[in-house]
Every structure is written in structure tokens, then in C-alpha cells.
Amino acid sequence: MFLESAGQSGRDESSMLSICFVTSECTPFVKTGGLADVSEALPKAMARSGHRVKVFLPLYKQIDRTKHRLQPLPSLGQKTVTLAGRLEPFAVWMRKEPRLPLEFYFIDCPRYFHRDSIYTNDSDEDERFLLFQKATLRTLEGLRWAPDIFHCNDWQTALIPVFLKETYSEIPLFSRSATLLTIHNIGYKGSFSPETIAKAGLPMDRYFPGGPFEFFQTFSFLKAGIVYADVLSTVSPTYALEIQTPEYGSGLDGVLRTRAKDLFGILNGIDTRTWNPRTDPFIPFHYSARRLQNKARNKAVLIERTQPSFDCTLPTIGLVSRLAYQKGVDLLETVLPAFVDKPVQWIFLGTGEERYEAFLRQAAERYPHRVHTCIGFNNELAHLITAGCDLFLMPSRYEPCGLNQMYSLNYGTVPVVRKTGGLADTVIDIDENPDRGNGFAFVRFSPEALIDKLHYALRIFVEEPARWRQIMLRGMSEDFSWDRSARQYVELYQRAVSKKQASQVLQTQN
Ligand code: ADP
């Protein structure tokens with residue numbers, strides 16, 4: 001299941017791949033979650049190794065064309081795609097990354113992408129991402145550029161493998177292009193009414209109970225992509241196994257089991273230039289394993305900037321999160337009251353569902369001497385919390401990969417996590433593995449399990465400082481750089497390309 005790191009073939013030009021990376025969000029242009037970070041870091045790591053990469057994303061209203069120096073691509077002319085039975089025009093903008101074989105392409109269609117948020121519940125959400133995917137393929141046709149591999153991400157791009165097989169099969173340009181679909185979060189399936197199949201111009205006869213286009217009487221982009229892509233991946237080895245079970249599979253576990261031999265888990269890397277305590281531009285005092293005293297100085301600044309009445313000598317637990325059901329923040333409704341009389345402080349930063357925002361706000365009002373809450377998206381504060389706290393909390397119900405636990409490990413801020421998905425692959429529980437433990441992981445999703453784990457962690461923090469320091473240092477020495485993950489993706493791309501070649505040989509023989 002898990003690809004062991006394989007040697008990459010150096011700079012031999014013939015082994016370099018051409019890659020089309022298709023995504024619905026990408027830093028620094030537009031971001032709602034971890035996918036945006038992956039979409040910048042992975043293509044850059046690929047390009048640094050010499051692979052030729054084109055990244056495609058929608059030109060949302062939120063993307064600042066001037067700031068990012070995007071250029072229109074008039075050479076392509078005004079293009080159209082057929083969508084819902086009519087011709088829909090679009091334009092293309094691009095930006096070339098200096099000194100790297102990396103280009104970003106932006107599909108410009110104001111009718112669909114000038115909305116107040118990048119994802120919507122609008123009735124034409126299906127059309128928005130149909131347009132994006134069709135326009136991506138049309139643009140490549142215009143450029144006469146066929147990649148060795150299309151790397152698609154989540155439901156918004158999952159129909160590309162379907163279009164290639166159903167719509168483009170007669171067109172030689174893409175006949176050798178293989179497809180990889182990465183599932184970043186199985187909770188989002190892109191399910192629409194079966195009428196969307198006709199809007200997409202795809203064959204209706206693929207829609208029947210249990211068929212490739214049918215998902216509980218809907219048309220799910222993600223399910224179709226899972227059936228059609230040459231190779232599948234997700235963002236951690238444990239999540240790759242979990243999504244094949246009814247508990248975590250979100251209804252897609254059955255179809256994923258049928259593709260088990262093509263499904264791989266590769267951990268995301270982290271951006272070690274911005275998320276590095278030695279160089280972090282957002283923290284006042286840089287530190288490393290050898291200069292740990294500066295971590296305490298960051299703690300003092302964090303407390304001064306958030307809740308000056310907090311006590312710098314007390315253990316402080318941080319949380320930085322999207323406030324969604326997935327993240328398990330509701331456990332705190334029972335957990336917090338169990339700790340308010342104890343010498344421990346909490347600093348929360350998050351934004352998301354109203355019920356969780358309200359709960360965290362109220363907790364701070366009720367226990368101001370113990371709890372501080374900041375509602376909003378604040379990158380600078382996220383860095384300071386990661387550097388200044390002693391413990392970092394991630395009680396997720398499920399977590400495909402998770403980035404914050406990797407940041408906190410590298411910052412010597414010991415994570416307390418639920419043992420699931422990428423958290424299980426990165427945080428080694430000190431009790432389970434005393435020689436390698438770098439944090440604390442509880443198994444059962446329950447307030448009691450988290451309370452027990454926190455009591456245990458706080459006891460070590462207070463009573464065994466030497467052991468605590470050892471746990472911190474282990475986390476700080478972990479390598480979560482993108483280079484490791486990128487090597488595994490190259491291996492996966494090559495696997496997809498070989499599979500595609502083998503299927504072509506079979507086709508010509510028949
Ligand atoms: P997900 O993609 O499920 O939200 P990840 O852990 O993979 O979770 O990535 C979340 C990213 O967003 C991290 O870089 C994290 O620091 C950042 N983040 C989440 N919430 C906030 C917030 N309120 N303020 C600043 N950064 C945040």
C-alpha cells in the first residue's frame with residue numbers, strides 16, 4: 001500500500017516527466033485549506049528536480065492579477081467549451097515561474113468564478129467545475145501540449161480521467177497521457193443530480209445502479225474519477241487504508257476496495273522555509289534544538305499578545321484549526337470543564353462553523369483566566385501559537401494528512417492527537433513506543449480518552465522535564481520536507497505511465 005521511497009533518476013532528461021497538475025486552489029493565489037499548500041509545494045519540488053509542470057486553476061475573483069503578475073494569453077484566442085448544451089467562452093491567464101520549468105494557468109470565466117467564495121452551494125456548482133475541467137483540456141489542446149501525467153485533485157478535477165476516456169479517446173493528442181487522482185478529503189464527493197451527466201456531455205448509459213456514474217442516485221464526480229483514473233492516491237498511508245472501510249469511506253469504501261491495488265498513500269510534506277523555527281519570518285525569536293531557550297521567549301510574546309493575564313510558567317495548549325465537524329473540537333465541550341481548575345492554559349485560533357466558533361468564544365468568556373480564543377484566519381498568530389505553546393491539540397474525528405501536527409513536531413510543541421489518518425502516521429505515542437515517541441495519541445474518539453491522554457501528557461511535562469525535552473527533540477528532528485514526498489509521487493507517476501502504456505499495448509493487440 002505504502003510506496004517506499006525510491007531513488008529518483010537524477011537529471012537524465014529522458015527520465016523527466018511532463019506533468020499537468022489540476023487543482024481548485026493553490027497558494028499564494030488562493031487558499032482555503034491544505035490542498036492549496038500541496039498545490040504550490042509539490043509542483044515546485046517537481047520542477048526543481050527538472051520535471052516540466054503546468055498547474056491549472058480557476059481565476060477566481062479573489063485572485064489578485066496585478067499582485068501576482070498574471071499575464072493574459074491572447075495567443076490562444078477566445079476559447080469556448082460546450083457546457084449544458086451551449087457554448088461557454090473563457091480566457092486564459094498565466095504566470096511563468098522564474099528559473100523553473102513551471103507555469104501556472106488560470107481559467108478565466110467571470111460568469112462562474114466571480115463569486116463571494118471559491119466554493120459555493122449555488123445551484124450551478126457542478127457547471128463551475130465542469131467548465132474548469134473542460135477548459136483545462138481545451139487549453140492544452142490549443143497549446144498542443146499533452147502531459148505524461150494528469151495529476152487531478154479532489155472532486156473538482158476528478159472528471160478529467162473520465163473526459164479523457166469518454167470524450168477524447170478518438171483524439172490522438174492525449175492518447176498517451178496517464179492519470180492520477182489524489183483524494184485529499186473523502187468527505188467532499190461532488191455529488192449532483194444525474195442531469196449533470198448530460199450537462200457534461202458524458203454518456204448517460206454509464207448511469208445505472210452500481211455503475212461508474214451512479215452514487216446513491218446521484219452523479220458523483222469523485223466516484224467517477226475513482227473508477228476511471230489509472231492510479232489513485234491519498235495523503236497518508238493510514239488514510240488510504242481507512243477510506244476502504246465503511247467507517248471512514250463516506251460511502252465510497254466499496255468502490256475503493258475494488259481499486260485497492262491502485263490506491264497509495266503519500267504523506268504531504270510541509271514548507272520548511274516558512275514553517276521552520278530557525279527561520280520563521282513570523283516569530284520574534286528563532287530557535288533550534290540547541291537554542292531552546294528562545295522557545296520560552298516566544299511563549300512570553302504569545303501570552304503578551306493574546307491574554308497577558310496568563311502565567312508563562314504554566315503549560316499552555318494551542319489549537320489552530322478549521323472549525324469543522326471533522327476536527328473534533330466538540331470534544332472540548334466536556335474536556336475543558338475538566339481542566340479549568342487545573343494549572344493549564346488554552347489558546348485557540350480558528351474559524352468555521354458557527355456552533356464551534358460560539359462554543360470557543362463562550363469558553364473564553366467563561367474561563368478568561370484559562371482560555372483565550374481568537375476567531376478568524378490569522379497566519380501570523382498561527383505561527384506564534386505553534387512556536388509559543390508547549391502542547392498542540394488535534395482531536396480529529398478523521399484527518400487525511402494534517403499539516404499542523406508536523407509543524408508543531410518540528411517546533412518542539414508536543415502534539416496531542418487522535419490516532420487517525422496522517423496523525424497516526426506522524427505522531428508516535430510515547431507510551432506505545434518509549435524509544436521513538438514524539439507525542440501523544442489517543443485511539444477512541446471520546447472526551448474520556450482525550451482527558452486521560454492530556455492528564456498523562458501534563459504529568460510528564462510537570463514531573464519529568466528531561467523526558468519531556470527528549471520527546472520535543474525527537475519531534476524537532478523529524479524530516480517532513482517535500483523532497484521525500486515528491487520522490488514518492490514521481491514513483492507513482494511512473495507507475496501510472498507504465499500502466500497506461502500496458503493498456504495501450506493490450507488495446508492494439510485486440
Ligand atoms: P485542513 O486542510 O483540513 O484545514 P491541514 O492541517 O491539512 O487541515 O491544513 C490547514 C492549514 O491551514 C494549515 O497550514 C494551518 O496552519 C492553516 N490554518 C487553519 N486554520 C487557520 C486559522 N484560523 N488561521 C491561520 N491558519 C490556519
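Residues numbered from 1 in each chain as written. Predicted model: local features only at pLDDT ≥ 70, side-chain atom pairs only at ≥ 80, totals over all residues. Heavy atoms only, no water.

> What should I look at first to understand the overall build of the protein in this one?
Per the secondary structure count, the protein includes 17 helices and 18 strands. Computed over its C-alpha atoms, the radius of gyration of the protein comes to 24 Å, within 12% of the 24 Å expected for a compact globule of 510 residues. Its C-alpha atoms put the protein at 70 × 50 × 45 Å along the principal axes. The buried share of the protein, taken over its 510 residues, is 60%. (Helix = DSSP H or I, 4+ residues; strand = E, 2+ residues; numbered from the N terminus. Rg over C-alpha atoms; globule rule 2.2 N^0.38 Å. Buried < 20%, exposed > 50% of the residue type's maximum accessible area, 1.4 Å probe, protein only.)

> Honestly, the side chain of His151 in this entry has me stumped. Any pointers?
Secondary-structure assignment places His151 in strand 7 (residues 149-153). A distance of 2.7 Å separates a polar atom in the side chain of His151 from a polar atom in the side chain of Thr182. One polar contact links His151 to Tyr493, side chain to side chain, over a distance of 2.7 Å. For His151, the contacting residues outside a window of four places in its chain are Cys20, Phe21, Val22, Leu42, Leu180, Thr182, Tyr489 and Tyr493. (Polar contact = N/O pair within 3.5 Å; in protein donor to acceptor, adjacent residues only side chain to side chain. Contact = heavy atoms within 4.5 Å.)

> Which parts of the structure should I look at to understand the sheet that holds strand 18 (residues 440-442)?
Strand order in this open sheet of 6 strands is 15-14-13-16-17-18, and the pairing throughout is parallel. If you trace the sheet from one side to the other, it starts and ends with strand 15 (371-375) and strand 18, each paired once. Strand-to-strand twist across the sheet, computed as the mean angle between neighbouring axes with direction ignored, equals 15 degrees. Pairing geometry for strand 13 (residues 316-323) and strand 16 (residues 391-394), over 2 bridges, is parallel. (Pairing = 2+ DSSP bridges. Axes fitted to C-alpha atoms, helices over the stretch in contact; angles between N-to-C directions.)

> Would you explain the packing of helix 10 (residues 332-339) against helix 15 (residues 447-463) in this entry?
Two packed helices can be described by the angle between their axes and the distance between those axes. In contact at an axis separation of 9 Å, helix 10 and helix 15 are set at 40 degrees when each is read in the N-to-C sense. Taken together, the axes of helix 10 and helix 15 lie oblique to each other. Judged by the sense of rotation from one axis to the other, the crossing of helix 10 with helix 15 is right-handed. Contacts between helix 10 and helix 15 involve Thr334, Val335, Ala338 and Phe339 from the former and Pro447, Leu450, Ile451, Leu454, His455 and Leu458 from the latter. Taken together, the residues of the contact of helix 10 with helix 15 break down into 8 nonpolar, 2 polar and no charged. (Parallel < 35°, antiparallel > 145°, perpendicular 65-115°, else oblique. Left-handed = near helix turned anticlockwise from the far one by under 90°. Nonpolar A, V, L, I, M, F, W, Y, C, P; charged D, E, K, R; others polar.)

> Sorry, what's going on with the site of the ligand here?
In the vicinity of the ligand, 19 residues are found, and the nearest of them are Gly34, Arg322, Lys327, Gly376 and Leu403. For the ligand, the accessible surface in isolation is 570 Å², of which the surrounding protein chains cover 93%. Of all elements in the fold, only helix 1 (34-48), strand 13, strand 14 (345-352), helix 12 (379-388) and helix 13 (404-410) reach the threshold of two or more residues within the shell around the ligand. (Near = heavy atom within 4 Å. Areas by Shrake-Rupley, 256 points an atom, 1.4 Å probe, with all protein chains shown as cover.)

> Mind showing me how you'd approach the pattern of salt bridges here?
Side chains that differ in sign of charge can pair as their charged atoms come close. In the structure shown here, the tally under the stated rule is 34 salt bridges. Close ionic contact of Glu103 with Lys54 constitutes a salt bridge, the shortest N to O distance being 2.8 Å. Here the residue Glu103 occupies a position in strand 6 (residues 102-108), and Lys54 occupies one in strand 2 (residues 52-58), the gap between them amounting to 49 residues. Using a relative accessible area of 17% as the deciding quantity, one classes Glu103 as buried. The exposure class assigned to Lys54 is buried, which follows from its relative accessible area of 10%. Through salt bridges with shared partners, a single network forms among Arg86, Glu88, Arg111, Asp126, Glu127 and Lys199. (Salt bridge = Lys/Arg side-chain N within 4 Å of Asp/Glu carboxyl O.)

> Even after reading the chapter, I still don't get the pairing of strand 17 (residues 414-418), so can you show me in this structure?
Regular strands have side chains that alternate between both faces of the sheet. The element strand 17 is largely enclosed, with a buried count of 5 among its 5 residues. Here strand 17 shows two buried faces, one formed by Val414, Val416 and Arg418 and the other by Pro415 and Val417. For the segment spanning strand 16, helix 13 and strand 17, crossover handedness is right-handed. With 3 bridges joining them, strand 17 and strand 18 adopt parallel strand pairing. (Right-handed = clockwise from strand over helix to strand, strands pointing away.)

> Where do I start with unusual backbone geometry in this structure?
With the exception of glycine, most residues fall at negative phi, and the peptide bonds are largely trans. Looking along the chain, the bond that leaves Thr27 and enters Pro28 is cis, with omega of 5 degrees. You can see Pro28 is positioned in the loop between strand 1 (18-22) and helix 1. One non-glycine residue, Arg99, lies in positive phi territory at about 65 degrees. By relative accessible area, which is 81% here, Arg99 ends up exposed.

> What's the story with the side chain of Thr182 in this structure? I'm lost.
For Thr182, the position within the fold is in strand 8 (residues 178-183). For Thr182, a relative accessible area of 0% gives the class buried. One polar contact links Thr182 to Ser233, side chain to side chain, over a distance of 2.9 Å. With residues near it in sequence (within four places) discarded, Thr182 still touches His151, Cys152, Asn153, Asp154, Ser233, Thr234, Val235 and Tyr489.

> Sorry if this is basic, but what is going on with the pairing of strand 6 here?
The buried fraction of strand 6 is high, at 7 of 7 residues. On strand 6, burial covers both faces: Leu102, Phe104, Phe106 and Asp108 on one face and Glu103, Tyr105 and Ile107 on the other are all buried. Inspection of the sheet shows strand 2 paired to strand 6 by 6 bridges, in the parallel sense. Directly across from Lys54, in strand 6, lies its bridge partner Glu103. Bridge analysis of strand 5 (residues 86-96) against strand 6 gives 6 bridges, and the strand direction is antiparallel. Opposite Arg95, over in strand 6, you have Phe104 as the bridge partner. Linking two consecutive strands that pair antiparallel, namely strand 5 and strand 6, is a turn of 5 residues; a positive phi of about 65 degrees is found at Arg99 within it.

> What should I look at first to understand helix 1 in this one?
Within an α-helix, residues lying three or four positions from one another point in the same direction, as the helix has 3.6 residues per turn. Taking 1.5 Å of rise per residue, the 15 residues of helix 1 would be expected to cover 21 Å, and the 21 Å separating its terminal C-alpha atoms lies within 8% of that figure. The buried count for helix 1 comes to 12 of 15 residues, which makes it a mostly enclosed element. If you follow the buried residues of helix 1, they end up packed against strand 1, strand 2, strand 6, strand 7 and helix 17 (482-509). Gly50, located one to two residues past helix 1, shows a positive phi value of around 105 degrees. (Expected span 1.5 Å × (residues − 1).)

> Would you mind showing me how to read the nonpolar core here?
Among the nonpolar cores identified, the biggest contains 99 residues, and Phe150 and Tyr493 are the most heavily contacted of them. At 8 residues, helix 17 tops the list of elements feeding residues into this core. Each residue touching Phe150, except ones within four places of it in the same chain, is listed here: Cys20, Val22, Leu137, Leu140, Ile160, Leu164, Phe174, Ser177, Ala178, Thr179 and Leu180. Counting 73 residues, the second-largest nonpolar core is a separate cluster that includes Phe359, Val414, Ala449 and Phe461. (Core = buried A, V, L, I, M, F, W, Y, C linked by side-chain atoms within 4.5 Å.)

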